[in-house]
Amino acid sequence: ITLVCGLMSYVLLEQDTFSQPTSSYFVPNRVLATAVACILALIVSWAFMTVFDMSTDTLLFCLSLDIRKNGTAVNADENMKDLFEQARFKADKLRRKETEKAEHGAKIASRKK
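Throughout what follows, the structure given in this document is the object of discussion. (Residues numbered from 1 in each chain as written. Predicted model: local features only at pLDDT ≥ 70, side-chain atom pairs only at ≥ 80, totals over all residues. Heavy atoms only, no water.)

### Brief notes about the overall build of the protein chain
Here's step 1: Counting its regular elements, the protein chain contains four helices and zero strands.
Here's step 2: Element order for the protein chain, N to C, with α for helix and β for strand: α-α-α-α.
Here's step 3: For 113 residues, the compact-globule estimate of 2.2 N^0.38 gives 13 Å, and the protein chain exceeds it by more than 25% at 27 Å.
Here's step 4: The dimensions of the protein chain, computed from C-alpha atoms along their principal axes, are 80 × 50 × 20 Å.
Here's step 5: Across the 113 residues in the protein chain, those meeting the buried criterion constitute 12%.
Here's step 6: Long-range pairs, those at least 24 residues apart, make up 24% of the contacts in the protein chain between residues at least 6 apart in sequence.
Here's step 7: A total accessible area of about 9500 Å² is found for the protein chain, and carbon and sulfur atoms account for 65% of it.
Here's step 8: Charged side chains of the protein chain number 15 positive and 13 negative; the gap between the two group centres comes to 14 Å. (Helix = DSSP H or I, 4+ residues; strand = E, 2+ residues; numbered from the N terminus. Rg over C-alpha atoms; globule rule 2.2 N^0.38 Å. Buried < 20%, exposed > 50% of the residue type's maximum accessible area, 1.4 Å probe, protein only. Contact = heavy atoms within 4.5 Å. Areas by Shrake-Rupley, 256 points an atom, 1.4 Å probe, with all protein chains shown as cover. Lys, Arg positive; Asp, Glu negative; His and termini not counted. Charge placed at Lys NZ, Arg CZ, Asp CG, Glu CD.)

Below is the structure:
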């Protein structure tokens, strides 16, 4: 987001309106103006992502409470239920792989003794 905003501001500052010294909108230091635009874009995008992160955490927390209280997600949207089940399936699959690796490693170690 910051990079795109920086590139857009630099391209806009290359236009005649901002690059001609006779223009009332002339920007003498385009690099500094682009850096300021990047900093502002970083602040705005950081704030947005912080709110987005907190919102997703809250939704997951509510979903887990719903599952814990009711045994299944009663109040959740179908898309959220599907996404949660996909994540649970992937987590179980990774857990099984890790268990198989550990068991395989234990077998190899017991053979060496």
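### So, the pattern of salt bridges
Pairs may arise between side chains of opposite charge once their charged atoms sit close together.
Here's step 1: All told, the structure shown has four salt bridges when counted by the stated rule.
Here's step 2: Glu14 is the salt-bridge partner of Arg30, the closest N and O atoms lying 3.6 Å from each other. Here Arg30, found in helix H3 (residues 30-70), pairs with Glu14, found in the loop between helix H1 (2-13) and helix H2 (16-19); they are 16 residues apart in sequence, far enough to count as distant.
Here's step 3: By relative accessible area, Arg30 is classed as partly exposed at 28%. (Salt bridge = Lys/Arg side-chain N within 4 Å of Asp/Glu carboxyl O.)

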